[in-house]
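A look at the structure
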Amino acid sequence: MTLSVSDPTWYPIASSEDLPFRHVYAGQLLGRELAVWRADDGNVNVWENRCLHRGVRLSIGINEGGELKCQYHGWRYANRSAGCTYIPAHPADAPARRIQNRTYPVREAYGLIWSAANDEQAFRPFPGAEGHDWFALRPMPVNAAPEDVLAALAGLAPDDQPADLLPGLAVRFGGTYYFVQPVDACRAVIRGLLAEPPAEPVATLRHYNETLTKLRDRLERAARKKPAPEPLQPAFDKVSADLATMPDIAIPKGNTITVVVKRKWTSADGVIGFELAARTGHLPTFQPGAHIDIHLPNGMTRQYSITNGPGELMSYIIGVKAESASKGGSKVLVETVREGDLLSISEPRNNFPLRRDATRTVLIAGGIGITPLLSMARFLDKSSLPYELHYFTRAGETVAFRADLEALHGKVTFHTGVPRDEIGATIASALGQWSMAQHVYVCGPGPMLETVRETAAAQGWPEEAIHFEYFKNDKVIDNSSAFDVELARSAMTLHVPSGKTIMEVMRDAGLTVPSSCEQGACGTCLTTVIEGDVDHQDVYLNNSEKASNRCMMTCVSRAKSARLVLDI
Amino acid sequence: MPSIDPTTRDLWQVIAATDEIAPGIVETTLLLDTPIALTRDNAGNPVVWRRTDEEQGDEVDAEAILDRLPATTGYGYIWTSLGNPPADLFPIPEYAEADRKNMSCGSIGIHVSAPRAVENFLDMGHFPYVHTDILGAEPHTEVKEYDVEVSEERDEVLATRCRFIQPRAAKSATTAMEVEYVYRVPHPFCSVLYKSCPEDESRRDVIAIFLQPMTEERCRAHLLQSMIDSTSTITDLRRFQQTIFGQDKPILENQYPKRLPLDPRSETPIRADKSAIAYRRWLSQKGITYGVIPMAS
Ligand code: FES
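Described in the following lines is the structure provided in the data block. Just so you know, these numbers come straight off a predicted model, no measurement behind them.

**Overview of the overall build of chain A**
Each helix and strand in chain A was counted, giving ten helices and 34 strands. Along the first, second and third principal axes, the C-alpha set of chain A runs to 90 × 60 × 50 Å. Taking all 568 residues of chain A together, the buried fraction comes to 55%. Restricting to contacts in chain A with at least 6 residues of sequence separation, those with at least 24 account for 64%. Approximately 24000 Å² of chain A is accessible, and the part contributed by carbon and sulfur atoms is 50%. Between the centroid of the 58 positive side chains of chain A and the centroid of its 65 negative side chains there is a distance of 2 Å.

This is the structure in structure tokens:
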């Protein structure tokens, strides 16, 4: 048998013991290097051992429990998805693109971590695996061809107990199983399992160690006499074309994902929690502050912030305010959507990016505005970065996600029922005077947002240090310009007069144009711009996206140039 | 043995600090997979030849060496070439200014290709992480927009308006300051950096890195400082640069693959990497294949 880089067999690549808390283990399989790490939620990640940015080994990175941080430029990658969550060189809009590390399948079983070169085969337990309390022996690396190692292991079997060769370079005799981990064409690691824990573990380990050391010495002596086989040459996957070119920003994709409502509960008076899980596997990476658009059964689209912490991708948890005044948006979710229902959501989008290099971060939430800030707090908490969270609720209103907030280690202060005229003073003292590298993030009702902005400005906070997100476009739209739009794919040129939106003109011309909020807040009418200078008026795109001049919202945006060419 | 592309073969390549080579004593080193020997003659001029059976430390009569490689000195270093080098080394005019402290800051072996090391030298994004509290520190992680051009007439990559906040930009700096950098890459394996000088606002310190490609995956970094600094001793200034380089070494040696991939789709660039991208493209256009993974054509 010759080894192949694409061999889909599952092999052990580490012992469970090799992955202590917050450690990154350098694994090897079929010529590849792997970064193997356990997140705080217990999940084991097996990734290509290479940061996608500049190729630095991730096994020298920092395991923060929910993210792995590269030591070269501080890029962070999320537990489970290996998606990049932060690029410190461009904290304001990072990561603009979906950057995902190469991952390998993983299974932790019988005291070992198993992986394979690809997903072609499902993990299958080795024959006789079930029903034992497995005990892992110390691994023994051997500089010899894996096939030779296997043959030599089989030779260890006593005469009256012939060895049983198992699939996947494994051999068994008595209660002892040996697995040969093929590191490369001429290198292997022997990983042994005993079906039951021995009475005297230390003595047993020593005994096996001696046996395997002798075996190793014999194998290596023999290997030196033979011509060395060619090492395996795994290829590095190329990054996708849009990650390799360097646009200012890529246009967010309108992909939707179907999720299952796994749980629906009352988190507080008037706040309903929803847990949305993927149908299989995990959901896409998101950044703290990100939201998803939910396509509601009644055809509307609404945005909800993800409250999860780093690397929690098995489901997204959102909080929905059950306002009686709600005009059918959240109301539908609260009243008609039940556990087990399917919903269609967008990929996470972030208009509210969190800087992860501040010396002090102040988070201020009002009511349901807690949701994006809860996520931010969780990220900061996991990385042990200093932050304070102030959560304002009206009298009578109860605190949503209280247990989650209390589980944090940062400074979380609940301000309940503060009289209206005292809110300003409370915010002022929560903020304090600005000093360099302090940032405040605020989410809540409009008047509160204004109070925070004004107070912060008065206390010396520069504009770049005050962060907030609109779910509604409160700006006054200037629709006075007049210009032409050329619709490249429809081969049509239309004139947009002042007073009419591009969307309206397109509809008048008989085109079907998707829309939802029609005020530049939801992203439904996002369009690619081929040519022309856009006058953005939406609150959906972030500044770099706007600056890229490559996309726009047809419901509010207009042209600064005489002509716009759109990809419609 | 790997083939050496014609461009690389004809370049001047750095091999040693001049004042570390004693007249008549053989030094040996490796350049482009080629074992070479060098010494200085009685007049102090470098003599370089393909190594035959001499040992390091042997005494030779330089006059007796007939089959010589081209050799020159410049910026405190000895340079040679395996092909037909140009008449002159690339210019660093500041080196000649009378009041500068010029010094070689040592030669450090690194297990990575020379172009990877150049790219690391051009990179500002790693300062807060790799040179924490010296060349950068959180919260100043942002790489502001800067300009990059490939100058046709001078045949070099030039990055200007590079700004970065540094806690301790130079030996003589006592507080954090925003430093302004200009980077030049006048030679595929050499780069020159100009940075605002804490002592004299109107002038700039010069730090250059000359990489000696030993093999495709191994190089030696030779450092030059040309400073305006009236207080620090040469030893201090050297130690400072060596500290910085000692921090880069483990990161560089964990870069994978060790040769610099020129295919833009092999790694993920961001805006901060503009100069690296220009550098990779420039190497590609020059037809450099040594120490890189050329683009599949
Ligand atoms: S190489 Fe990992 S962040 Fe740059």
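**With respect to the overall build of chain B**
Secondary structure assignment for chain B yields five helices and 15 strands. Taking 2.2 N^0.38 as the reference for a compact globule, 297 residues should give roughly 19 Å; the C-alpha atoms of chain B span a radius of gyration of 19 Å, in line with that estimate. With respect to the principal axes defined by its C-alpha atoms, chain B has extents near 60 × 50 × 35 Å. By residue count, 58% of the 297 residues in chain B fall in the buried class. Sequence separation of at least 24 residues holds for 62% of the intrachain contacts in chain B that already meet a minimum separation of 6. If you sum the accessible surface of chain B, you get close to 11900 Å²; carbon and sulfur atoms cover 48% of it. Once the 31 positive and 46 negative side-chain charges of chain B are each reduced to a mean point, those two points are 4 Å apart.

**Thoughts on the sheet that holds strand β20 (residues 301–305) of chain A**
Residue and element names in this part refer to chain A. With antiparallel pairing, the six strands of this open sheet are ordered in space as β20-β19-β22-β17-β18-β21. On the outer flanks of this sheet lie β20 and β21 (315–321), each paired with one strand and no other. Across this sheet, the average inter-strand angle for adjacent strands is 40°, counted without regard to direction. Bridge count between strand β17 (residues 256–268) and strand β22 (residues 342–346): five bridges; the pairing is antiparallel. Within the sheet, the bridge partner assigned to V259 lies in β22 and is L343.

**Topic: the interface of chain B and chain A**
Each side of the interface is counted separately: chain B has 35 residues, and chain A has 39 residues. Between chain B and chain A, a total of about 3400 Å² is buried, with carbon and sulfur atoms accounting for 53% of that surface. Seen at the junction of chain B and chain A, the total is six salt bridges. We note a salt bridge from E119(B) to R54(A), for which the minimum N-O separation is 3.0 Å. Counting across the interface, chain B meets chain A through 18 residue pairs in polar contact (both at pLDDT 80 or more).

**Comments concerning the pattern of salt bridges**
Following the criterion strictly, the structure yields 44 salt bridges over all chains and no others. Between D273(B) and R54(A) there is a salt bridge, with the nearest N and O atoms lying 3.6 Å from each other. Of the two residues, D273(B) sits in the loop between β14 (260–261) and α5 (274–286) while R54(A) sits in the loop between β4 (44–48) and β5 (62–63), which places them in two different chains. Per residue, the accessibility class of D273(B) equals that of R54(A), and both read buried. Where R161(B) meets D147(B), a salt bridge forms, and the shortest distance between an N and an O atom there is 3.0 Å. With R161(B) in strand β9 (residues 156–166) and D147(B) in strand β8 (residues 147–151), this residue pair connects regions lying 14 residues apart in the sequence. Residue classification places R161(B) among the partly exposed residues on the basis of a relative accessible area of 36%.

**Structural notes on the side chain of R116(B)**
Secondary-structure assignment places R116(B) in helix α2 (residues 114–122). Excluding residues that lie within four positions of it along the chain, R116(B) makes contacts with R54(A), L252(B), Q255(B), Y256(B), P257(B), K258(B), R259(B), L260(B), P261(B), E267(B) and R280(B).

**Points about the packing of aromatic side chains**
One pass over the full model with this rule turns up 30 aromatic pairs over all chains. Between the aromatic rings of Y75(B) and F90(B), the centroid separation amounts to 6.0 Å while the plane-to-plane angle is 35°, which identifies the pairing as tilted. Here Y75(B) is found in the loop between β5 (71–74) and β6 (77–80), whereas its partner F90(B) is found in the loop between β6 and β7 (101–110), with 15 residues between them in sequence. Under the relative-accessibility criterion, Y75(B) is labelled buried at 13%. Each ring, one from W79(B) and one from F90(B), has its centre 5.9 Å from the other, and the planes form 85°; the classification is edge-to-face. Of this pair, W79(B) sits in strand β6 while F90(B) sits in the loop between β6 and β7, placing them eleven residues apart in sequence. Here W79(B) matches F90(B) in class, with each residue buried. Members of the aromatic cluster, joined through ring pairs, are W10(A), Y110(A), W114(A), F123(A), F126(A), W134(A), Y177(A) and F179(A). Over the aromatic face of Y86(A) sits the side chain of R356(A), whose NZ or CZ is 5.4 Å from the ring centroid. Above the face of the Y146(B) ring, K274(B) is positioned so that its terminal group lies 5.5 Å from the ring centre.

**A look at the nonpolar core**
The tendency in soluble globular proteins is for nonpolar side chains to be buried side by side. In this structure, M124(B), Y183(B) and L211(B) are the most contacted members of the largest nonpolar core, which totals 72 residues. Contact partners of M124(B), with chain neighbours within four places excluded, come to V143(B), Y146(B), C162(B), R163(B), F164(B), Y181(B) and Y183(B). Formed by 48 residues, the second largest nonpolar core is a distinct cluster that contains V259(A), L276(A), Y316(A) and F352(A).

**Focus: unusual backbone geometry**
Residues Y256(B) and P257(B) are joined by a peptide bond in cis, for which omega reads -5°. By secondary structure assignment, the location of P257(B) is in the loop between α4 (234–252) and β14. Of note in this structure, Y110(A) is not a glycine but carries a positive phi near 60°. Relative to the helices and strands, Y110(A) resides in the loop between β9 (106–109) and β10 (112–115). A relative accessible area of 15% means that Y110(A) is categorised as buried. If you check the backbone angles, Y75(B) has positive phi at about 55° while not being a glycine.

**Structural notes on a negative patch on the surface**
Residues and elements named next belong to chain B. Side chains of D53, E55, D58 and E59 sit close together on the surface and give a patch of like negative charge. Summarising the element assignment, D58 is placed in the loop between β4 (46–50) and β5. A relative accessible area of 30% places D58 in the partly exposed class.

**Some thoughts on the packing of helix α7 (residues 420–431) of chain A against helix α8 (residues 446–458) of chain A**
Residue and element names in this part refer to chain A. With their axes 10 Å apart at the nearest point, α7 and α8 run at an angle of 50° to one another. What the angle tells us is that α7 and α8 run oblique. The crossing of α7 and α8 is right-handed. From α7, G424, I427, A428 and L431 reach across to α8, where they touch T451, V452, T455 and A456. Within the contact of α7 with α8, the residues separate by chemical class into five nonpolar, three polar and no charged.

**Considerations on the sheet that holds strand β34 (residues 563–566) of chain A**
Residues and elements named next belong to chain A. Pairing is mixed across the open sheet formed by five strands, whose spatial order is β29-β28-β34-β30-β32. Each of the sheet's edge strands pairs with one partner strand only, and the pair in question is β29 (492–496) and β32 (551–553). The mean angle between the axes of side-by-side strands here comes to 40°, regardless of whether they run parallel or antiparallel. The pairing of strand β28 (residues 483–487) with β34 spans four bridges and is classified as parallel. Among the inter-strand pairings, L487 is bridged to a residue of β34, identified as L566.

**What to know about the pairing of β4(A)**
Residues and elements named next belong to chain A. For β4, the buried fraction is high: five of the five residues fall into the buried class. Summarising the sheet, strand β3 (residues 32–38) and β4 pair through five bridges and their orientation is antiparallel. Within β4, the position partnered with W37 by the bridge is N45. Where β3 hands over to β4, the hairpin turn is made up of five residues, of which G42 adopts a positive phi near 95°.

**Topic: the pairing of strand β11 (residues 190–196) of chain B**
Residues in a regular strand point their side chains to alternate faces of the sheet. All names here are of chain B. Counting buried positions over the seven residues of β11 gives seven, a clear majority of the element. Burial of β11 is two-sided: the residues C190, V192, Y194 and S196 facing one way and the residues S191, L193 and K195 facing the other way are all buried. With five bridges joining them, strand β10 (residues 177–187) and β11 adopt antiparallel strand pairing. What sits directly across from H187, in β11, is C190.

Thresholds applied
- Throughout, a residue's number is its position along its own chain's written sequence, starting from 1.
- The naming scheme follows written order: chains are lettered A onward, ligands numbered 1 onward.
- Local features in this predicted model are restricted to residues whose pLDDT is 70 or higher, and side-chain atom pairs enter the listing and the counts only when it is 80 or higher, whereas totals over whole chains, interfaces and linings include all residues.
- Each side-chain value is worked out from all heavy atoms of the structure, with water and hydrogens disregarded.
- Each helix is a run of DSSP H or I of at least 4 residues and each strand a run of E of at least 2, with the numbering of both proceeding from the N terminus.
- Three labels apply to residues, based on accessible area from a 1.4 Å probe with only protein chains included: buried if under 20% of the type maximum, exposed if over 50%, partly exposed otherwise in between.
- Every residue pair with non-hydrogen atoms within 4.5 Å of one another is taken to be in contact.
- Note on areas: these come from Shrake-Rupley sampling with a 1.4 Å probe, and a residue is covered only by the protein chains present in the view.
- The charge count includes Lys and Arg as positive and Asp and Glu as negative, but it does not include His or the ends of the chains.
- A charged residue contributes its charge at one atom only: NZ of Lys, CZ of Arg, CG of Asp or CD of Glu.
- With C-alpha atoms as the basis for the radius of gyration, the globule rule is written as 2.2 Å multiplied by the number of residues raised to the power 0.38.
- In short, DSSP must find at least two bridges between two strands for them to pair.
- Convention adopted: a line fitted to C-alpha atoms gives each axis, helices being fitted over their contacting stretch, and angles between N-to-C directions are expressed from 0 to 180 degrees.
- Two parts placed together each lose some accessible area under a 1.4 Å probe, and the buried area is that loss summed for both.
- The rule for a salt bridge is simple: a side-chain nitrogen of Lys or Arg has to be within 4 Å of a carboxyl oxygen of Asp or Glu.
- Two N or O atoms count as a polar contact when they lie within 3.5 Å, although within protein this holds only if one can serve as hydrogen donor and the other as acceptor, and sequence-adjacent residues are included solely when both atoms are side-chain atoms.
- Only the six-membered ring of Trp is used, alongside the rings of Phe and Tyr, when aromatic pairs are assigned; centres must lie within 6.5 Å, and planes under 30 degrees apart are stacked while those over 60 apart are edge-to-face, with the rest tilted.
- Geometrically, a lysine NZ or arginine CZ counts as sitting over a ring once it is within 6 Å of the ring centre and also within 35 degrees of the ring normal.
- Take the buried Ala, Val, Leu, Ile, Met, Phe, Trp, Tyr and Cys residues and link them wherever side-chain atoms come within 4.5 Å; each set so joined is a nonpolar core.
- Patch criteria: residues need more than 30% relative accessible area and no salt bridge. Like-charged residues are merged within 9 Å; nonpolar side chains of Val, Leu, Ile, Met, Phe, Trp and Tyr are merged within 5 Å.
- Here the angle decides the label: under 35 degrees means roughly parallel, over 145 means roughly antiparallel, 65 to 115 means roughly perpendicular, and every other value means oblique.
- Left-handed describes a crossing whose near helix is turned anticlockwise from the far helix through less than a right angle; right-handed describes the clockwise counterpart.
- Gly counts as polar in this scheme, as do all residues outside two lists: the nonpolar Ala, Val, Leu, Ile, Met, Phe, Trp, Tyr, Cys and Pro, and the charged Asp, Glu, Lys and Arg.

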